[in-house]
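# Descriptive analysis of the structure
For reference, the chains in residue letters:
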Amino acid sequence: MTATAKTSNATPLRLNVSAFVAECARRGATSDSARAALIGVSRETVWHWRHGKQSPSLDAITRIARTFNVTVESLLDERAAA
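Only a predicted model underlies this, so the values are computations on that prediction, with no experimental measurement involved.

## Re the nonpolar core
Among the nonpolar cores identified, the biggest contains 15 residues, and Phe20, Ile39, Trp49 and Ile64 are the most heavily contacted of them. Elements that contribute at least two residues to this core include exactly α1 (17-26), α2 (32-39), α3 (43-50) and α4 (58-68). Top element by residues in this core is α4. It accounts for five residues.

## Concerning the environment of Leu15
You can see Leu15 is positioned in the segment before α1. Apart from residues no more than four positions distant in its own chain, Leu15 is found in contact with Phe20, Trp49, Pro56, Ile64 and Leu75.

Parameters at a glance
- Residues numbered from 1 in each chain as written.
- Predicted model: local features only at pLDDT ≥ 70, side-chain atom pairs only at ≥ 80, totals over all residues.
- Heavy atoms only, no water.
- Core = buried A, V, L, I, M, F, W, Y, C linked by side-chain atoms within 4.5 Å.
- Buried < 20%, exposed > 50% of the residue type's maximum accessible area, 1.4 Å probe, protein only.
- Helix = DSSP H or I, 4+ residues; strand = E, 2+ residues; numbered from the N terminus.
- Contact = heavy atoms within 4.5 Å.

Shown next as structure tokens:
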């Protein structure tokens with residue numbers, strides 16, 4: 001067995017979109033393009049996250065947390081979206 005972990009059985013990371021969008025709006029990034037520019041991803045990637053078509057990588061979630069000075073946990077905590 002290799003050192004590479006299989007991801008097929010892993011639960012995908014789900015971004016707390018409400019927290020993400022609220023934090024972006026607080027910073028004046030009200031469009032997907034502006035949000036994407038803040039964290040260094042494409043506009044399409046942000047659209048996919050918002051619409052639940054894709055889950056962000058751990059690296060992306062870490063960049064978002066660093067950019068907005070929030071915890072990774074707050075971005076992953078679905079209870080915070082309620």
